[in-house]
Amino acid sequence: MRNKTRGKTMHHTITLLPGDGIGPEVTAATVKVIEATGVKVGWEEYQAGMEVAIKYGTAVPDDVINAILRNGIALKGPITTPIGSGIPSANVALRKRLNLYANVRPCRTLAGVKSRFENVDLVVIRENSEDLYSGLEHIVVPGVVESLKIITETASLRIGKYAFQYAAHNRRKRVTAVHKANIMKLADGLFLECIRRAHRDYPEIEYDEMIVDNCCQQLVMRPENFDVMVMENLYGDILSDLCSGLVGGLGLTPSSNIGEGGIAMFEAVHGSAPDIAGRNLANPIALILSGAMMLEHLQEGGAAHRIRRAVDIVLQEGSLMTGDLGGTATTTEMTDAIIASL
Ligand code: NAI
């Protein structure tokens, strides 16, 4: 499944999964921007997803997993998952098989981008390994389906510790645990109890709790009040898209998937956007900012900072916007403008 190795002098070898839909377009843009920073990177390119599943019987073949384990780091474009039937999600499979338990999704107001709010600067930390994404579903009798929500003490404590560690490391003041323990008293009750236990080691960080439905309302009324938020898998999936909308949309928000021992995979929050795929219309910024998160993880903070500043300059200047931001710029034009501003 390996396609090609790009780059000669390698400082960091990164597994590249271009994905499908707009994936190949936004990953090519991100590779170009990262290379323009001068950081020495070698790319090992692999494919995963539906086409691979048709050929090899699995959407995520072992050599993809082995490459990411070997390199410890991956940059990934979105991968389409059929709705309702068909192959299981390659995205969920990657996160599970690599044990990428923490999904970190920062959302901040970007000057120059029209949105309803100012001063949004929050981070959603989503537990990535269990909950309703366990894939345990079955038909009990025709017309009745059971879908299992799994919450464990181990995974909940692990994500709680990660959230407080992240807050301490990034000079954040508060962590909010988001839950529905008023209804799911056992499952979400266990999750909350674990987050409270994790907080005991970080008394300097403020801690509060919010029921998920109220949290949605507070987010769309006063998003500037939020700091770090930690939650189970499904709530995190939904709320992080909501948070993208607070700062201008899915074309702008990056993410990382963090596992044990420093292993990490970086991808945009958005999906494969089949409605605009292959037309040079996708906004590459979400994946470019994911690339900046990746460089920071690789101790290349200077290059990460330059990329973020270049994105800010282009957006603030305002003459070049992709369709999702109300403009007419192509993926290529946006990428070239960011490179010119580095
Ligand atoms: P989506 O995020 O692909 O698209 C939602 C809307 O946002 C569409 O109108 C799309 O054109 C727009 N959009 C998304 N990214 C954009 C970008 N970079 N620039 C400009 N506009 C952008 O969500 P949707 O349509 O629900 O899912 C499509 C497919 O993607 C599904 O098969 C889904 O399973 C998959 N998906 C994959 C993810 C991943 O690989 N991590 C994450 C989310 C969805």
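So, how was this worked out
Residues numbered from 1 in each chain as written. Predicted model: local features only at pLDDT ≥ 70, side-chain atom pairs only at ≥ 80, totals over all residues. Heavy atoms only, no water. Domains from an automatic or database assignment. Contact = heavy atoms within 4.5 Å. Buried area = accessible area lost by both parts, 1.4 Å probe. Salt bridge = Lys/Arg side-chain N within 4 Å of Asp/Glu carboxyl O. Polar contact = N/O pair within 3.5 Å; in protein donor to acceptor, adjacent residues only side chain to side chain. Nonpolar A, V, L, I, M, F, W, Y, C, P; charged D, E, K, R; others polar. Core = buried A, V, L, I, M, F, W, Y, C linked by side-chain atoms within 4.5 Å. Buried < 20%, exposed > 50% of the residue type's maximum accessible area, 1.4 Å probe, protein only. Helix = DSSP H or I, 4+ residues; strand = E, 2+ residues; numbered from the N terminus. Pairing = 2+ DSSP bridges. Axes fitted to C-alpha atoms, helices over the stretch in contact; angles between N-to-C directions. Parallel < 35°, antiparallel > 145°, perpendicular 65-115°, else oblique. Left-handed = near helix turned anticlockwise from the far one by under 90°. Right-handed = clockwise from strand over helix to strand, strands pointing away.

What about the domain arrangement of the protein chain?
Okay, step 1: Looking at the protein chain, the domain boundaries give domain 1 (1-104 + 248-342) and domain 2 (116-246).
Okay, step 2: Taken over C-alpha atoms, the centre of domain 1 sits 24 Å from the centre of domain 2.
Okay, step 3: The interface of domain 1 with domain 2 comprises 17 residues on the first partner and 18 residues on the second.
Okay, step 4: Across the interface of domain 1 and domain 2, roughly 1400 Å² is buried in total on both sides, 50% from carbon and sulfur atoms.
Okay, step 5: Among the residues of domain 1 in contact with domain 2, Tyr101, Asn103 and Val104 are the three that bury the most area, contributing 40% of the side total.
Okay, step 6: Note that Glu260 is salt-bridged to Arg158, the shortest N-O span being 3.3 Å.
Okay, step 7: The interface formed by domain 1 and domain 2 holds eleven residue pairs in polar contact (both at pLDDT 80 or more) in total.
Okay, step 8: Residues of the side of domain 1 that touches domain 2, tallied by class, amount to eight nonpolar, six polar and three charged.

Comments concerning the nonpolar core
Okay, step 1: In terms of nonpolar packing, the biggest core is built from 66 residues, with Trp43, Leu75, Ile125, Val230, Met294, Leu315 and Ile338 touching the most fellow members.
Okay, step 2: When residues in this core are grouped by element, the largest group, nine residues, is from helix H9 (residues 285-297).
Okay, step 3: When we break this core down by domain, the ones giving at least three residues each are domain 1 (1-104 + 248-342) and domain 2 (116-246).
Okay, step 4: Ignoring any residue separated from it by four or fewer positions in sequence, one finds Met294 in contact with Ile14, Ile34, Trp43, Ile73, Ala74, Leu75 and Phe266.

Focus: the pairing of strand E12 (residues 254-258)
Okay, step 1: Within E12, five of the five residues are buried, which leaves the element mostly enclosed by the surrounding structure.
Okay, step 2: Looking at chain direction, strand E5 (residues 102-108) and E12 are connected through three bridges and run antiparallel. When the bridges of E12 are listed, Val104 appears paired with Ser256.
Okay, step 3: Bridging between E12 and strand E13 (residues 264-268) involves five bridges; their strand directions are antiparallel. Note on E13: the bridge partner recorded for Ile258 is Ala264.
Okay, step 4: Two successive antiparallel strands, E12 and E13, enclose a turn made up of five residues, where Gly261 displays a positive phi of approximately 70°.

A short note on the packing of helix H1 (residues 23-36) against H9
Okay, step 1: It is at 9 Å that the axes of H1 and H9 come closest, and there the two elements cross at 45°. On the basis of the axis angle, H1 is oblique to H9. Here the hand of the crossing between H1 and H9 comes out right-handed. Where H1 approaches H9, its residues Val26, Thr27, Thr30, Val33 and Ile34 are matched on the opposing element by Leu287, Ile288, Gly291, Met294 and Leu295.
Okay, step 2: Of the residues belonging to the contact of H1 with H9, the class tally is seven nonpolar, three polar and no charged.

Topic: unusual backbone geometry
Okay, step 1: Of note, the phi angle at Asn119 is positive, near 60°, even though the residue is not glycine.
Okay, step 2: Relative to the assigned elements, Asn119 resides in the loop between E5 and strand E6 (121-127).
Okay, step 3: Phi is positive for Asp131, which is not a glycine, with a value near 70°.
Okay, step 4: Along the chain, Asp131 turns up in the loop between E6 and strand E7 (137-141).

Section: the pairing of strand E10 (residues 206-211)
Okay, step 1: The pairing of strand E9 (residues 174-179) with E10 spans six bridges and is parallel. Each bridged residue has a counterpart across the sheet, and for His179 the counterpart in E10 is Ile211.
Okay, step 2: The β-α-β motif built from E9, the intervening helix H6 (residues 187-199) and the parallel element E10 has right-handed crossover chirality.

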